[in-house]
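Listed below are the residues making up each chain.
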Amino acid sequence: MVVTLCLVFSAQAQTGLDLTLDETILLAKTESPAARIARADFDQARWRFRSFRAEYLPRFSLEGNAPGLFRAVSDVLQDDGTIRFREQSRTQSTVDLRVNQQIPQTGGRLFVSSGLGYVRQFGDFGFGEWQSEPMIIGLQQPLFQFNNMRWQRRVAPMQFEIADKGFAEAMENV
């Protein structure tokens, strides 16, 4: 049984493929290890360039803190100068929405944010208060630092062009 299978497989292995020159070149460009390596290198360069371009898109972020419980026993100074220890309990929740935009010319960042918070105090003098920041507009600008964004704007397109030409050359070599 084993001998029969070996003979069948060896007979199939000896039969060759009839390919034209164009089919052989196409097969080499799609299936050869050198072509796969060249394609993987090019894909890596393309995704690196896409990531670079994505750095200049506006970024939206939503941050929040679920209700956090704060409990403590604190010393409270009384009107007569004595100190009494009081238990304090409160919860606090916040949510912030922020939009950031890179400024490549200066290396800074422009942002717009809005936030909402709620504090609930428990006990004899309990209360609940809302706090809001309707809109905050700001600029974060590093001073006396190297502007990496400006440099990357010049270098990244050239790196992608080099990768593109390298891919074309590698495929021609295949």
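These numbers were taken from a predicted model, which means no experiment stands behind them.

Q: Would you take a moment to explain the layout of surface pockets for this structure?
A: Leftover empty space is mapped by rolling, across the atoms, a probe with the size of a water molecule. Considering only enclosed or pocket space, the largest pocket measures out at about 270 Å³ in volume. Arg 86, Glu 87, Gln 88, Ser 89, Gln 121, Phe 122, Gly 123, Asp 124 and Phe 125 together form the lining of the largest pocket. For the lining of the largest pocket, the element with the highest residue contribution is strand E2 (residues 83–103), accounting for four residues.

Q: Hey, could you run me through a nonpolar patch on the surface in this one?
A: A surface patch of nonpolar side chains, amounting to about 530 Å² of accessible area, comprises Leu 62, Val 95, Leu 97, Leu 116 and Trp 130. Residue position: Trp 130 is located in strand E4 (residues 127–140).

Q: Would you mind going over the sheet that holds strand E1 (residues 59–77) with me for this structure?
A: Whenever strands of a sheet pair, they do so through backbone hydrogen bonds, lying parallel or antiparallel. Taken in spatial order, the four strands line up as E1-E2-E3-E4 in an open sheet, and their pairing is antiparallel. With partners counted over all chains shown, the strands left at the sheet margins are E1 and E4, one partner each. Each strand of the sheet is rotated relative to its neighbour by a mean of 15 degrees, with strand direction disregarded. In this sheet, E4 lies alongside strand E3 (residues 108–122) in antiparallel orientation, the contact comprising twelve bridges. Bridging across to E4, Gln 121 finds its partner in Phe 127.

Q: Teacher, can you tell me more about the packing of helix H3 (residues 33–54) against helix H4 (residues 148–173) here?
A: Packed helix pairs are characterised by how far apart their axes lie and by the angle those axes make with each other. Two elements in contact, H3 and H4, have axes whose closest approach is 9 Å; the angle formed by their N-to-C orientations is 165 degrees. Judged by the angle between their axes, H3 and H4 are roughly antiparallel. As for how H3 packs across H4, the hand of that crossing is left-handed. Listed contacts from H4 to Ala 35, Ala 38, Arg 39, Phe 42, Ala 45, Arg 46, Phe 49 and Phe 52 of H3 are Gln 152, Arg 153, Ala 156, Pro 157, Phe 160, Ala 163, Asp 164, Phe 167, Ala 170 and Met 171.

Q: Could you clarify how one ought to interpret the packing of helix H2 (residues 21–31) against H3 in this entry?
A: Across the interface, H2 lies against H3 with an axial gap of 5 Å and an inter-helix angle of 50 degrees. Taken together, the axes of H2 and H3 are oblique relative to one another. Contacts from Ala 28, Lys 29, Thr 30 and Glu 31 of H2 reach H3 at Pro 33, Ala 35, Arg 36 and Arg 39. Here the contact of H2 with H3 is composed, by residue class, of three nonpolar, one polar and four charged.

So, how was this worked out
Throughout this document, residue positions are counted from 1 along each chain, in the order its sequence is written. Local features in a predicted model are, by the rule used here, given only for residues with pLDDT of at least 70; side-chain atom pairs are given and counted only at 80 or more, and totals for whole chains, interfaces and linings are based on all residues. To get the side-chain values, take all heavy atoms of the structure and skip hydrogens and water. Here a cavity is any set of points on a 1 Å grid over the protein atoms alone where a 1.4 Å probe fits but cannot get out, and a pocket is any open set with protein on both sides within 12 Å along at least 5 of 7 lines; a residue lines the site when it has an atom within 4 Å of a point. Grid points are joined across faces, edges and corners, and a volume is the space filled by probe spheres set on the points. Here a helix means four or more residues in a row that DSSP labels H or I, a strand means two or more in a row labelled E, and each is numbered from the N terminus. What makes a patch is a set of residues exposed beyond 30% relative accessible area and free of salt bridges, joined within 9 Å when like-charged and within 5 Å when nonpolar (Val, Leu, Ile, Met, Phe, Trp, Tyr). For the area figures, the Shrake-Rupley method with a 1.4 Å probe applies, and any residue is considered shielded solely by the protein chains shown. What makes a salt bridge here is a side-chain nitrogen of Lys or Arg within 4 Å of a carboxyl oxygen of Asp or Glu, nothing more. Strands pair, by our definition, only if DSSP identifies at least two bridges between them. Where helices are involved, their axes are fitted lines through C-alpha atoms of the stretch in contact, as for all axes, and angles between N-to-C directions lie from 0 to 180°. Every angle not falling under 35 degrees, over 145, or within 65 to 115 is termed oblique; those three ranges are roughly parallel, roughly antiparallel and roughly perpendicular. Two helices cross in a left-handed way if the nearer one is turned anticlockwise from the farther one by less than a right angle. They cross in a right-handed way if the turn is clockwise. Whether two residues are in contact is decided by their heavy atoms, any of which lying within 4.5 Å being enough. Each residue gets one label: Ala, Val, Leu, Ile, Met, Phe, Trp, Tyr, Cys and Pro are nonpolar, Asp, Glu, Lys and Arg are charged, and the others, such as Gly, are polar.

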